[in-house]
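# Remarks on the overall topology
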Amino acid sequence: MKVLLRFFTFLLLLACAAPAAEKGPVYVVPVRTEISPSQFLFLRRALKDAERAGASAIVLDMDTYGGRLDAASDSMDALLKVGVPTYTYINSKALSAGSFIALATGKIYMSPNGVIGAAAPVTSRGQDLDSTMRDKTVSAVSAMVRAAAEKEGHNPALADSFIRKEAELKFGDVVIDRPDSLLTLDAQEAARQFDGKPLLAEGIAETLEEMLTMAGLKAEVRRLEPTGFERI
């Protein structure tokens, strides 16, 4: 019996002394252009590369005014299906279609001057849609983004406030969004705590490196860039 006990103690000591398995790399993917089919192709490749490499996290380094709804929808679908934890660092804009993509990631961090929101659908020339088309488009887009936000643990009411001028958002007596304008949050507003949880942003970081530290992402960082074909 004593021999068996010593043997198991020896095995336990070996297990404790063995080095912990290294975590997979952190993939940093820039989203710094118009949201477009080419941007989606780059993002899809990056997500596949990260999964193949056994990445521990994927971080979108985002600074965009937005872009095409179809490309944003494809990007959201790809992010929601990827088997790697996802983050967005807003450095410094996630507007319009960019806000949709950010809401399809698990955790959001912002730079001190970061902003997110203002996501009402418009025509390809930036003009307002006619009333019938607007109602249809806003209803469909709002449902899609609410579902993505809820899946990733964000407040789905934020999606409505980003997209619908008539939406209202309140926490108790605190009015976040009045029903007369689209919601755009700055970093301080997005990180404000309600009932012990941030409204949207997990934290405010001066740099991407600081954001990685705040999020506890300590593995090797691999920064991807689009190929020449993906830039076209």
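Residue numbers run consecutively from 1 along every chain, following the written order of its sequence. Selection of residues for local features in this predicted model requires a pLDDT of at least 70, selection of side-chain atom pairs for listing and counting requires 80 or more, and totals for whole chains, interfaces and linings are taken over all residues. Neither water nor hydrogens contribute to the side-chain values; these are computed over all heavy atoms in the structure.

## So, the overall build of the chain
Only DSSP runs of H or I reaching four residues or more are called helices, and only runs of E reaching two or more are called strands; each is numbered from the N terminus. Helix and strand counts for the chain stand at nine helices and 12 strands. Expressed as a percentage of its 232 residues, the buried residues of the chain come to 45%. Throughout, a contact is declared for two residues whenever any of their heavy atoms are within 4.5 Å. Put simply, 65% of the contacts in the chain that link residues at least 6 apart link residues at least 24 apart. Surface accessibility in these figures is a Shrake-Rupley result with a 1.4 Å probe; residues are shielded only by whichever protein chains are displayed. For the chain, the accessible surface area stands at approximately 12,500 Å², while carbon and sulfur atoms represent 54% of it. Residue burial is assigned from relative accessible area. The probe radius is 1.4 Å, only protein chains are included, and a residue is buried under 20% of its type maximum, exposed over 50%, and partly exposed in between.

## Concerning the side chain of Ser111
Relative to the elements of secondary structure, Ser111 occurs in the loop between β4 (107-110) and β5 (115-117). According to the relative accessible area criterion, Ser111 is buried, its value standing at 1%. Definition of a polar contact: a pair of N or O atoms within 3.5 Å, with one able to donate and the other able to accept a hydrogen when the atoms are protein atoms, and with sequence-neighbouring residues admitted only if both atoms are side-chain atoms. Separated by 2.9 Å, the side chains of Ser111 and Asn113 make a polar contact. Those residues in contact with Ser111 that lie beyond four places of it in its chain are Tyr89, Ile90, Asn91, Ser92, Ala187, Ile204 and Ala205.

## Let's talk about the side chain of Lys93
Within the element layout of this structure, Lys93 appears in strand β3 (residues 86-95). Here Asp63 takes part through its side chain, which lies 2.7 Å from a polar atom of the side chain of Lys93.

## Digging into helix α6 (residues 156-163)
In terms of residue burial, α6 counts as a mostly covered element, since six of its eight residues are buried. Restricting attention to buried positions, one finds in α6 the residues Leu158, Ala159, Asp160, Ser161, Phe162 and Ile163. Of the residues that open α6, the one with a side-chain oxygen 2.9 Å from the backbone nitrogen of Ala157 is Asn155.

## Observations concerning the pattern of salt bridges
Salt bridges are counted wherever a side-chain nitrogen of Lys or Arg sits within 4 Å of a carboxyl oxygen of Asp or Glu. All chains considered together, the criterion is met by 13 salt bridges. With a shortest N-O distance of 2.7 Å, Asp63 and Lys93 are connected by a salt bridge. With Asp63 in strand β2 (residues 57-64) and Lys93 in strand β3, this pair connects stretches of sequence that are 30 residues apart. When the shortest N-O distance is used, the salt bridge between Lys151 and Glu152 registers 3.8 Å. Linked by salt bridges that have partners in common, Arg32, Asp61, Asp63 and Lys93 make up one network.

## Notes on the confidence of the model for the chain
A residue's pLDDT is the predictor's confidence in that residue, given on a scale from 0 to 100. Looking at the chain, the pLDDT average stands at 88 and 85% of residues meet or exceed 70. Every residue in residues 17-21 is under pLDDT 50, and counting partners more than four places away or in other chains gives zero contacts.

## Thoughts on unusual backbone geometry
A cis geometry characterises the amide bond from Asn91 onward to Ser92, with omega recorded as 20°. With respect to the element layout, Ser92 can be found in strand β3. At Ala118, a residue that is not glycine, the phi angle is positive and equals roughly 50°. Since its relative accessible area comes to 30%, Ala118 is described here as partly exposed. We note that Asp195 has phi near 55°; this positive angle belongs to a residue other than glycine. Here Asp195 is to be found in the loop between β9 (193-194) and β10 (197-198). On the accessibility criterion, Asp195 (79% relative accessible area) is exposed.

## Looking at the packing of helix α2 (residues 37-52) against helix α3 (residues 69-81)
Angles run from 0 to 180 degrees between N-to-C directions of axes, and those axes are lines fitted to C-alpha atoms, restricted for helices to the stretch in contact. Running from amino to carboxyl end, α2 crosses α3 at an angle of 10°, the nearest separation of the two axes being 9 Å. The pairing of α2 with α3 is recorded here as roughly parallel in orientation. Counted together, Pro37, Phe40, Leu43 and Leu47 of α2 and Ala71, Asp74, Ser75, Ala78 and Leu79 of α3 form the full contact between these two elements. Geometric relationships in this document are graded by angle, where less than 35 degrees denotes roughly parallel, more than 145 denotes roughly antiparallel, 65 to 115 denotes roughly perpendicular, and other angles denote oblique.

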